[in-house]
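# A look at the structure
Single-letter residue listing:
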Amino acid sequence: MTAASVSSADPRRQRFRLRIRSARDFAGRFARRPDAVIGLAILVVFCILALIPSLLVGPLETATTASGSALQAPDAIHVLGTDDLGRDILNLTIHGTRISMMIGLLATLVTIVIGTSFGIIAGYVGGAVDAILMRITDFFLVLPTFVLALILAPIVLDLIGSDALVFGIRANLFVTVIVIGVTSWASTARIIRSQALSVRERMFVDRARVIGGSRLHIMRRHILPNVVNLIVANTVLTFAGAVLTETTLAFVGLGDPFDPSWGQILNAAESRGAPGLGAWWFFAPPAACVVFVVLAFTLVGGALDDVLNPRARLRR
Amino acid sequence: MGGRYLARKLLQAIITIAFIILLNFLLFRLMPGSPDRVLARNLPLDVRQVLLERWGLDRPVFPDQFVAYVGATLQGDLGESFKFQGVSVTDVLAERIWPTLVLFGLGEMIAIVIGLALGAYSGWKRGGPVDYVGNGISLVLYSMPYFVIGMILLIVFSGGLGWFPTSGMLEMGATYGSFVDQLLDFLSHLALPLTTVAIGLIGQYSILMRASIIETLGEDYITTARAKGLTEGYVLRRHALPNAMLPAVTLVAINLGYVIAGAITVELVFGWPGLGTLTVEALNSRDYPVLQGVFLLLSISVVLANLAADLVYGLLDPRVRT
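Parameters at a glance
Residues numbered from 1 in each chain as written. Chains lettered and ligands numbered in written order. Predicted model: local features only at pLDDT ≥ 70, side-chain atom pairs only at ≥ 80, totals over all residues. Helix = DSSP H or I, 4+ residues; strand = E, 2+ residues; numbered from the N terminus. Core = buried A, V, L, I, M, F, W, Y, C linked by C-beta atoms within 7 Å. Buried ≥ 20, exposed ≤ 12 C-beta atoms within 10 Å, placed from the backbone. Contact = placed C-beta atoms within 7 Å. Nonpolar A, V, L, I, M, F, W, Y, C, P; charged D, E, K, R; others polar. Expected span 1.5 Å × (residues − 1). pLDDT = per-residue confidence, 0-100.

## Some remarks on the overall build of chain B
Scanning chain B from N- to C-terminus turns up twelve helices and zero strands. Along chain B, helices and strands appear, N-terminal first, in the series α-α-α-α-α-α-α-α-α-α-α-α.

## Here's the deal with the nonpolar core
Ranked by internal contacts, the top residues of the largest apolar core, which has 144 residues, are Val-147, Phe-283 and Phe-297 of chain A together with Ile-260 and Val-294 of chain B. Top contributing element to this core by residue count: helix α10 (residues 215-254) of chain A, with 18 residues. Excluding anything up to four places from it in sequence, Val-147 of chain A contacts Ile-260, Val-294, Phe-295 and Leu-298 of chain B.

## So, the interface of chain A and chain B
The interface of chain A with chain B comprises 33 residues on the first partner and 41 residues on the second. Counting residues per element, the ones that place at least two in the side of chain A that touches chain B are α5 (127-142), α6 (145-160), α10, α12 (274-277) and α13 (280-308) of chain A. Per-class residue counts for the side of chain A that touches chain B are 24 nonpolar, seven polar and two charged.

## What about α5 of chain A?
The end-to-end C-alpha distance of α5 of chain A, which contains 16 residues, comes to 23 Å, matching closely the 22 Å that a straight helix rising 1.5 Å per residue would cover. Along α5 of chain A, the residues classified as buried are Thr-137, Phe-140 and Val-142 of chain A.

## Some details on the environment of Thr-279 of chain B
Here Thr-279 of chain B shows up in helix α11 (residues 275-284). For the pair Thr-279 of chain B and Ala-240 of chain B, spaced 39 residues apart in the sequence, the C-alpha separation amounts to 42 Å. In this structure, Thr-279 of chain B is in contact with Leu-150 of chain A together with Ile-264, Leu-291 and Val-294 of chain B, ignoring residues within four places of it in sequence.

## A word on the confidence of the model for chain A
Residue and element names in this part refer to chain A. Per-residue confidence for chain A averages 84 on the pLDDT scale, and 93% of its residues sit at or above 70. Per-element averaging of pLDDT across chain A places strand β1 (residues 165-166) at the bottom with 72 and helix α4 (residues 89-125) at the top with 91. Here residues 1-6 scores under 50 on pLDDT; set against residues more than four positions off or in separate chains, the count is five contacts. Segment residues 312-316: pLDDT under 50, and three contacts once partners within four positions in sequence are set aside and those in other chains are kept.

As structure tokens, then:
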């Protein structure tokens with residue numbers, strides 16, 4: 001790039017300094033919100049649990065390596081009691097963190113990629129393309145997507161076979177990722193489109209078009225960077241939704257018993273009648289984890305939204 | 001109400017329903033695990049051929065099968081359940097819809113009244129103790145899956161205190177002396193699931209209403225009303241509330257699609273014999289026709305609820321009638 005050299009330092013350096021300053025500015029505003037800091041702290045704890053479960057509680061217990069007897073109440077050895085197979089609940093819950101967070105993350109990525117592509121293309125290209133894409137988006141917004149996910153999951157599962165491994169992920173979990181992604185991108189697309197519409201009218205987009213930039217180039221290098229703020233806040237909020245949806249899908253029986261997520265443990269607790277038996281320790285730990293993580297993502301997402309997009313108050 | 005507004009909303013709803021029917025058709029016919037495979041798994045070739053002809057599956061997917069499907073769907077014929085052999089999907093749905101309607105109709109009503117009141121009050125006294133506590137509780141409830149609320153209620157009031165039965169809609173095999181006895185039994189079974197639904201929804205609705213009233217309070221006409229010397233209560237009742245209610249009502253209708261996910265799990269926890277437990281039963285036995293029927297029924301209900309909300313909105317707010 002041959003920009004006219006401004007003042008003294010070279011432009012690259014100045015740009016870098018500018019970035020640092022705006023990042024510091026952002027961190028300052030973010031840190032001043034107690035809800036954001038609490039949320040972030042909770043997330044850090046869960047990320048650690050997800051990264052090193054085996055270091056903390058040893059390998060995942062199975063029916064054959066269970067360390068206790070069935071449905072023991074919490075005591076000194078099994079701090080959170082055991083399930084119906086004698087497995088330690090603390091062990092299961094901490095290992096479940098990795099599954100729940102990973103499924104949540106992958107599903108969020110799929111959602112954001114689909115939603116952002118739809119939003120940017122619709123907003124930038126406009127015309128008939130916009131009309132068609134937005135009709136599809138509205139359709140998915142109205143649809144009870146959870147029920148659609150319930151129907152899609154077994155169909156996709158029959159299609160790829162329930163014992164298959166896809167990208168190293170077990171089929172049940174892979175299907176969950178796809179199903180959440182396919183059914184929850186619509187609100188992201190709407191939000192991104194409205195921003196893309198306004199960015200399109202800015203001067204630098206005209207300039208890029210005049211010097212012969214292709215549509216793809218303009219969407220990637222000019223529109224995308226200008227909707228990134230919205231994407232970031234939206235990603236965090238989508239993550240919260242994805243964790244909730246995964247939990248619910250696993251709870252109704254679409255989880256993987258061999259890679260138990262929190263929802264899968266809750267499903268086991270429910271189907272063994274734990275609430276009726278008074279075995280609160282069977283479902284309280286995974287349930288508390290779900291609530292903490294979703295709450296933390298909601299707090300952080302809300303704060304990010306306020307800090308990054310002070311004017312675009314998003315109606316959820 | 002403007003005729004064009006009405007026509008546009010109606011047309012949109014009809015197009016959406018058409019899309020839903022199309023999607024339903026595609027999901028079942030064109031994907032692997034198609035009816036031909038599901039029906040005719042492990043059957044000799046000639047038996048299979050008879051079956052295919054019986055169900056019209058030997059004909060081309062388009063247009064023959066599609067036309068037949070749409071025609072049947074429009075007449076309310078959704079096929080037969082795989083699991084309950086010989087029972088039509090429509091009959092299965094009809095039997096299970098009432099428990100769900102009772103549970104969620106009542107739950108919605110309770111939650112709308114309490115949630116909107118709580119949200120309005122918190123937003124009005126923003127930063128006050130009620131707002132602080134209420135908003136905190138709402139956020140936690142919002143992060144909590146419905147079935148977790150249900151499990152907690154179940155373990156406390158049913159397992160622990162023994163006040164309410166754990167599951168079902170009526171006592172199994174019970175005979176009743178009078179209608180009142182039966183009603184009482186029904187109500188004691190209803191109490192916990194209903195409370196679960198109401199608690200779950202109250203969190204969402206109060207967050208919606210709080211945001212809406214805070215936005216309204218920033219408007220110029222509220223400042224004007226206060227400047228005229230009107231009492232706070234009057235400003236709230238006559239100026240703020242009516243305007244804040246509008247977006248909240250729409251959002252309640254839009255939320256219906258999400259509420260259904262909760263509905264399914266709450267019914268599962270309490271063994272409530274409605275559409276939610278039906279969905280899970282159908283899911284576990286891969287009863288595709290029933291699953292499809294549930295999807296069709298629920299999505300069309302949601303579209304109609306949205307349409308109703310749009311029309312009510314148009315009736316109440318002249319600005320949207322264009």
